Amino acid sequence: MLITAIPKKDLFKLGYIFLRKIGIFVGFIFILFFDGTYFTEHFVNSQIPINLLALFSFFWMYKRAYPRVRKSMFIAVALGVLGEYFFSVYLGMYTYRLENVPWYVPLGHAALYGRVFMFSKDALARKYHKEIEQLFAHVILVFALVYLLFFTDVFGFLMTVVVFIILHKRPKDKLYFYTMYIVVALLEIGGTAFGCWQWPPIAFGVVEFLPSNNPPSGISLFYFLLDIGCFVFYVLLSKKAWKRLKRIQKLKLNS
């Protein structure tokens, strides 16, 4: 496996970089417990404090993000709100505990977008991107197969296959989206286990020939839509900067 070819010193550095850039979301999984069914039924509804914590965390990450990422994070919040209401409230693709859209969800989408982007652009991560991509691809494949074989997650497996197909045509995005897939999977497992939200047993709650798990494995596919939306709006809102970047890229190719 390629990952074994990375010197131990750099491997430890990569682990530290991953935790520093993205570890906050692993911690947030445990915070979701306080918005789950057990805590709210036995103690108090704490969704408002969690929303405020998410708001604080978002602006903390915003201040530490690259200039380009900052604008994209705000776009991601707006698209996240629209997407959540469309997929959850309108389509009923999944349902939150209070049948609303908690603030921390679209804020979390944007924060996750920014932090994963920063990890994928880190110099050491880029140096060993092939090794990391191979490791993450194996983890994702095993995860999706386990969900398919033991939880009859046909819907999630098909979405995972689509992820691999898309990334086969967009190899430069593999590190970003493989990382996104894994972090989203962890958040989904935590959120559904605590009862913060729930997925129906079939795709979209209506497609009977596509059994699904709670959660489906390949839900990060919808983050492709978020990324594409952010990219389109970023270009529309930053036409001068985008044209300048394209000119620089053209000069590099011709030099």
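Here the structure is a predicted model, which is why all the values come from computation and not from measurement.

**Q** What exactly am I supposed to notice about unusual backbone geometry here?
**A** What is expected of a backbone is that most residues other than glycine have negative phi and most peptide bonds are trans. That bond from N214 to P215 is cis: its omega, 10 degrees, falls within 30 degrees of zero. Along the chain, P215 turns up in the loop between β4 (207-211) and α10 (221-237). Positive phi outside glycine occurs at T152, with the angle close to 50 degrees. Mapping T152 onto the fold places it in the loop between α7 (129-151) and α8 (154-169).

**Q** How should I be thinking about the packing of aromatic side chains in this particular structure?
**A** What describes a pair of aromatic rings is the distance from one ring centre to the other and the angle between the planes of the rings. Under the definition given, this model contains 26 aromatic pairs. Ring centres 4.7 Å apart and planes at 90 degrees place the aromatic pair Y176 and F177 in the edge-to-face group. Side by side, Y176 and F177 carry an identical accessibility label, which is buried. Linked through ring pairs, F33, F34, Y38, F39, F43 and F194 together constitute an aromatic cluster.

**Q** How do you make sense of the nonpolar core when you look at a structure like this?
**A** Generally speaking, a soluble globular protein has its nonpolar side chains buried in company with each other. If you look at the biggest cluster of nonpolar residues, it comprises 68 residues, and the most contacted ones within it are F25, Y104 and L112. If we ignore the near neighbours within four places in the chain, the residues touching Y104 are F28, L32, D35, Q47, I50, N51, A54, C196 and W197.

**Q** What should I look at first to understand the side chain of E84 in this one?
**A** Looking at where E84 falls in the secondary structure, it is placed in helix α4 (residues 67-90). Of the side chains with opposite charge, R97 lies nearest to the buried E84, which makes no salt bridge, at 14 Å. In terms of polar contacts, E84 uses its side chain to reach the side chain of Y94, at 2.8 Å. Within polar-contact distance, the side chain of E84 engages the side chain of H109 at 2.6 Å. With residues near it in sequence (within four places) discarded, E84 still touches V89, Y94, Y96, V101, V105 and H109.

**Q** Looking at this structure, how should I read the pattern of salt bridges?
**A** Any two side chains of opposite charge can pair, so long as their charged atoms come close to each other. Under the criterion given, the structure shown has two salt bridges. We note a salt bridge from D173 to R170, for which the minimum N-O separation is 2.6 Å. Note on D173: relative accessible area 22%, which makes it partly exposed. Since its relative accessible area comes to 29%, R170 is described here as partly exposed.

Conventions adopted
Residues numbered from 1 in each chain as written. Predicted model: local features only at pLDDT ≥ 70, side-chain atom pairs only at ≥ 80, totals over all residues. Heavy atoms only, no water. Helix = DSSP H or I, 4+ residues; strand = E, 2+ residues; numbered from the N terminus. Phe/Tyr/Trp six-rings, centres within 6.5 Å; stacked < 30°, edge-to-face > 60°. Buried < 20%, exposed > 50% of the residue type's maximum accessible area, 1.4 Å probe, protein only. Core = buried A, V, L, I, M, F, W, Y, C linked by side-chain atoms within 4.5 Å. Contact = heavy atoms within 4.5 Å. Lys, Arg positive; Asp, Glu negative; His and termini not counted. Salt bridge = Lys/Arg side-chain N within 4 Å of Asp/Glu carboxyl O. Polar contact = N/O pair within 3.5 Å; in protein donor to acceptor, adjacent residues only side chain to side chain.

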